[in-house]
Each structure stands twice: as structure tokens, then as C-alpha cells.
Amino acid sequence: MSPEIIQTRADLTKIISKHLKLEEGRRILKGNCPFHADSTDSFMVSPAKNIFKCFGCGKEGGPIEFVMAIESKSYDEAVTSLVLEFGV
Ligand SMILES: [Zn+2]
């Protein structure tokens, strides 16, 4: 399974929502970044592009990068867990 397909098909909003509360926006969802001490909703998620970005610590990426960072997984482990979860 190619990483490119996972990056576009694994639902990033759903993955992130398991770890933090996201507030609905018009085009982006916002929340407190799980990767640094944040109380100002620096963490943005774009459901349309399936990417996240934190304007506080600069962390960004797609489903693979998020799972790697939040679950301390290697690239291959993150890909495997996303394939298992989403069957993409
Ligand atoms: Zn951050």
C-alpha cells in the first residue's frame, strides 16, 4: 500500500479527534497542540487537504506524521497501523 494513498485516504480529522478536542471552523479545525504546551488553539487541521499544522511549534504533516509523533511510532509502524485501521 503506497504511503501517498494513506496520506490522502486515512481520515486525519478522525485520527486526531481520538487524541484531542477539535473545534469546528469553516474550513479548518482548531485545537490545543498535543506536541507542545499550548492553550491558544495553535493546532490547525484541514479536512479538505488532510493535513495538520501547528503554528506554535511548527509540527506539520498528514496522517502518517501525526501517528508517528503522537504514538512514538516509526514510519513503517505508523503506515501499518493506518492500513489496519482504515483498510486503505
Ligand atoms: Zn505545537
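Before reading further, recall that the structure is shown in the block above.
Residues numbered from 1 in each chain as written. Predicted model: local features only at pLDDT ≥ 70, side-chain atom pairs only at ≥ 80, totals over all residues. Heavy atoms only, no water.

Draft legend 1. How the structure looks around the coordination of the zinc ion. Within the first shell, the zinc ion binds the protein through Cys 33 (SG), His 36 (ND1), Cys 54 (SG) and Cys 57 (SG), at distances of 2.0 to 2.3 Å. Coordination geometry of the zinc ion: the four donor atoms subtend angles of 102 to 118° at the metal centre, consistent with an arrangement described as tetrahedral. On the primary sequence, the residues serving as donors to the zinc ion are separated as C-x2-H-x17-C-x2-C. Highlighted residues: His 36 in the loop between strand S1 (29-31) and strand S2 (43-46) and Cys 57 in the loop between strand S3 (51-54) and strand S4 (60-61), separated in sequence by 21 residues. Under the relative-accessibility criterion, His 36 is labelled partly exposed at 26%. Cys 57 gets classed as partly exposed once you look at its relative accessible area, which sits at 37%. (Donors = N, O, S within 2.8 Å, 3.2 Å for Na, K, Ca; no water. Tetrahedral: all angles 85-135°; square planar, octahedral: opposite > 155°, others 65-115°. Helix = DSSP H or I, 4+ residues; strand = E, 2+ residues; numbered from the N terminus. Buried < 20%, exposed > 50% of the residue type's maximum accessible area, 1.4 Å probe, protein only.)

Draft legend 2. Quick look at the sheet that holds S2. What the four strands build is an open sheet, ordered S1-S2-S3-S4; its pairing is antiparallel. What marks the edges here is a single partner per strand, and that holds for S1 and S4. Bridge count between S1 and S2: three bridges; the pairing is antiparallel. Bridged to Gly 31 within S2 is Phe 43. (Pairing = 2+ DSSP bridges.)

Draft legend 3. Structural context of the pattern of salt bridges. A complete count under the given rule lists three salt bridges for this structure. Here Glu 60 makes a salt bridge to Lys 53, at a shortest N to O gap of 3.6 Å. Lys 73 is paired through a salt bridge with Glu 71; the nearest N and O atoms lie 2.7 Å apart. By relative accessible area, which is 26% here, Lys 73 ends up partly exposed. (Salt bridge = Lys/Arg side-chain N within 4 Å of Asp/Glu carboxyl O.)

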